[in-house]
Amino acid sequence: MPIDLYEMLGSAPCLSVKMLLNHLKIPANLHHLNLPAGDHLKPEYLKLNPMHTIPTINDNGFALWESRTILRYLVNQYAPGNDLYPNDPKKRAIVDRMLDFDLGTLYSAAAQWMYPPIFKKTPREPEKEKVLSDKLQLFDQLLATNRYAAGEHLTIADLSLLASVNTFYAAGHNMDQYQNIKSWWNRLEHELPYYKELVPPHVDALNAWFAPYKQK
Ligand SMILES: N[C@@H](CCC(=O)N[C@@H](CS)C(=O)NCC(=O)O)C(=O)O
């Protein structure tokens, strides 16, 4: 039976999960939620995910949320040992480190810069964008010697970070200053057969959403 994915266009964590489903060719039914309309707060969704976040998967009765946990689960369940999430403890630790960096450092810095005008009705703060830029510089330095986020192979960390980077770009952050990130991004655009189907619509949806809040 195909797994169910609850998601919304323009959500970075949903994008990474959709990329992995495509990568591993895992059959999935997509359920599009309208967050502004409160679909994620309906009792039937809360039964599945009391944290009311997207993405959530339902793998034949096994419900899971938190995108990076979903990424790990999908490889463990459907492609164990794949280079996307290697079995070797040290290689796996590097992937985990990059996923944690994305969640706890990079995306959290970006959120503090890009979301306040939308969710708190307060202006974007340049100091917050500088924090994001510092974190992106660190990722950029790492990519100077690594072909991919966690070394020489594509891993789920690349998919998660790729979704993040596209989101910061759509939010209006100038990505031209990060040469190594740009080369990595460009390479992934050409290497991932599902990139063109999934990423530009994500960026377009976010461009429209962020448009009123971008600094001129
Ligand atoms: N760390 C979570 C973040 C999930 C998240 O916050 N998703 C947003 C949409 S991008 C959401 O569901 N917001 C609605 C809510 O939190 O009620 C993940 O990676 O899955």
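Reading guide: rules and limits
- Residues numbered from 1 in each chain as written.
- Predicted model: local features only at pLDDT ≥ 70, side-chain atom pairs only at ≥ 80, totals over all residues.
- Heavy atoms only, no water.
- Near = heavy atom within 4 Å.
- Polar contact = N/O pair within 3.5 Å; in protein donor to acceptor, adjacent residues only side chain to side chain.
- Areas by Shrake-Rupley, 256 points an atom, 1.4 Å probe, with all protein chains shown as cover.
- Nonpolar A, V, L, I, M, F, W, Y, C, P; charged D, E, K, R; others polar.
- Helix = DSSP H or I, 4+ residues; strand = E, 2+ residues; numbered from the N terminus.
- Expected span 1.5 Å × (residues − 1).
- Contact = heavy atoms within 4.5 Å.
- Pairing = 2+ DSSP bridges.
- Axes fitted to C-alpha atoms, helices over the stretch in contact; angles between N-to-C directions.
- UniProt positions renumbered as here; feature names shortened; annotations may be inferred.
- Buried < 20%, exposed > 50% of the residue type's maximum accessible area, 1.4 Å probe, protein only.
- Parallel < 35°, antiparallel > 145°, perpendicular 65-115°, else oblique.
- pLDDT = per-residue confidence, 0-100.
- Core = buried A, V, L, I, M, F, W, Y, C linked by side-chain atoms within 4.5 Å.

Caption draft 1: Just the site of the ligand, in detail. Around the ligand, a shell composed of Ser11, Pro13, Leu35, His40, His52, Thr53, Ile54, Pro55, Glu66, Ser67, Arg68 and Leu103 is seen. Between the ligand and Glu66, the relevant distance is 2.8 Å, taken from a nitrogen atom to a side-chain nitrogen or oxygen of the residue. Protein contacts shield 72% of the accessible area of the ligand, which totals 510 Å² for the unbound molecule. Along the lines of polarity and charge, the residues of the shell around the ligand split into five nonpolar, five polar and two charged.

Caption draft 2: Just helix H6 (residues 126–143), in detail. Between its first and last C-alpha atoms H6 spans 25 Å; for 18 residues at 1.5 Å apiece the expected length is 26 Å, and the two agree. In this fold, the buried residues of H6 make contact with helix H4 (89–114), helix H7 (156–170) and helix H8 (179–191).

Caption draft 3: How the structure looks around the sheet that holds strand S2 (residues 28–32). Judged by pairing direction, the sheet is mixed, and its four strands sit side by side in the order S2-S1-S3-S4 without closing on themselves. Since the sheet does not close on itself, it has two edges, and those belong to S2 and strand S4 (62–65), each with one partner. Averaged over all pairs of adjacent strands, the angle between their axes in this sheet comes to 20°, without regard to strand direction. Bridge analysis of strand S1 (residues 3–7) against strand S3 (residues 56–59) gives three bridges, and the strand direction is antiparallel. Note on S3: the bridge partner recorded for Leu5 is Ile57.

Caption draft 4: Just the UniProt feature "domain: GST N-terminal" (unreviewed entry) in the protein chain, in detail. Those places that UniProt annotates as "domain: GST N-terminal" (unreviewed entry) correspond, in this numbering, to residues 1–82. Along residues 1–82, the helical share is 37% and the strand share 22%, with 22 Å between the first and last C-alpha atoms.

Caption draft 5: Structural detail: unusual backbone geometry. Going from Ile54 to Pro55, the amide bond is cis rather than trans, its omega being 5°. Mapped onto the elements of the fold, Pro55 is located in the loop between helix H2 (43–48) and S3. Notably, Asn60 is not glycine yet its phi reads approximately 50°, a positive angle. Note on placement: Asn60 falls in the loop between S3 and S4. Residue Asn60 is classed as partly exposed on the basis of its relative accessible area, which comes to 47%.

Caption draft 6: How the structure looks around the packing of helix H3 (residues 67–78) against H4. As a packed pair, H3 and H4 sit with axes 11 Å apart at the nearest point and diverge in direction by 155°. Put simply, H3 runs roughly antiparallel to H4. Across from Arg68, Leu71, Arg72 and Asn76 in H3, the residues of H4 making contact are Arg92, Asp96, Leu99, Asp100, Asp102 and Leu103. Looking at the contact of H3 with H4, its residues break down into three nonpolar, one polar and six charged.

Caption draft 7: Examining the confidence of the model for the protein chain more closely. Per-residue confidence for the protein chain gives a mean pLDDT of 97; residues scoring 70 or more make up 99%. Under the prediction, the complex receives an ipTM of 0.99, its pTM being 0.98.

Caption draft 8: Quick look at the nonpolar core. Leu74, Phe139, Ile181 and Trp184 are the most contacted members of the largest nonpolar core, which has 63 residues in total. Of all elements in the fold, only S1, helix H1 (12–23), H3, H4, H6, H7, H8 and helix H9 (195–210) reach the threshold of two or more residues within this core. In contact with Trp184, not counting residues within four places along its chain, are Phe139, Leu143, Arg147, Tyr148, Ala149, Asp158, Leu161, Leu162 and Val165. In terms of nonpolar packing, the next biggest core, distinct from the first, is built from six residues, Leu33, Tyr45, Leu48 and Ile54 among them.

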